[in-house]
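Listed below, chain by chain, are the residues.
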Amino acid sequence: MRREDLLIELGTEEVPPKAWRALRDAFAAGMAQELTAARLDFGAVTAYATPRRLAVKITDVLAQQPDQVEEKLGPALVAAFTAEGTPTKAALGFARGCGVEVAALEHLGEGKQARLMYRMLRPGEPTAALLPTLVSRALDG
């Protein structure tokens, strides 16, 4: 996957010299935490501060989140289908909740442990689209 360096610079009101280090380090730690929570791998984090600026440089940030496979477990097969193989209300409700037809659901396991399962591939979002939210959360923290 493509990786890029990221530089975030924030203008601030005059910050007292005693507060620079704490604000700088908190912003850098918050950005690292938010990138990790967003499943965006990255390299080194370097923080900077001046009386009117906070900045953080993060190297080798993924340009897009990796795709993610989501799995939802549904009802047991014995409750999902009649003896003739017709879907019951349990199977129909589970499929409707997943936004698919019953035929799109998978069977997981065997015997009495067998259940319906829905597997969906969720494509990753571009990092640029996620940045405003990530920066806002880091600042709130």
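Notes on the structure in this doc start here. Bear in mind the structure is a predicted one, so any value in this text is a computation, not a measurement. (Residues numbered from 1 in each chain as written. Predicted model: local features only at pLDDT ≥ 70, side-chain atom pairs only at ≥ 80, totals over all residues. Heavy atoms only, no water.)

## Some details on the sheet that holds strand β4 (residues 68–76)
The three strands are arranged β4-β6-β5 in an open sheet whose pairing can be described as antiparallel. Looking at the sheet topology across the chains shown, the edges are occupied by β4 and β5 (106–108). Sheet twist, expressed as the average angle between the axes of neighbouring strands with direction ignored, equals 40°. Two strands pair when backbone bridges link them, and β4 and strand β6 (residues 115–122) are joined in this way by seven bridges, in the antiparallel orientation. Bridge pairing in β6 places glutamine 68 opposite arginine 122. The strands that helix α3 (residues 89–98) touches are β4 and β6; relative to β4, the one it contacts most, it runs at about 160°. (Pairing = 2+ DSSP bridges. Helix = DSSP H or I, 4+ residues; strand = E, 2+ residues; numbered from the N terminus. Axes fitted to C-alpha atoms, helices over the stretch in contact; angles between N-to-C directions. Contact = heavy atoms within 4.5 Å.)

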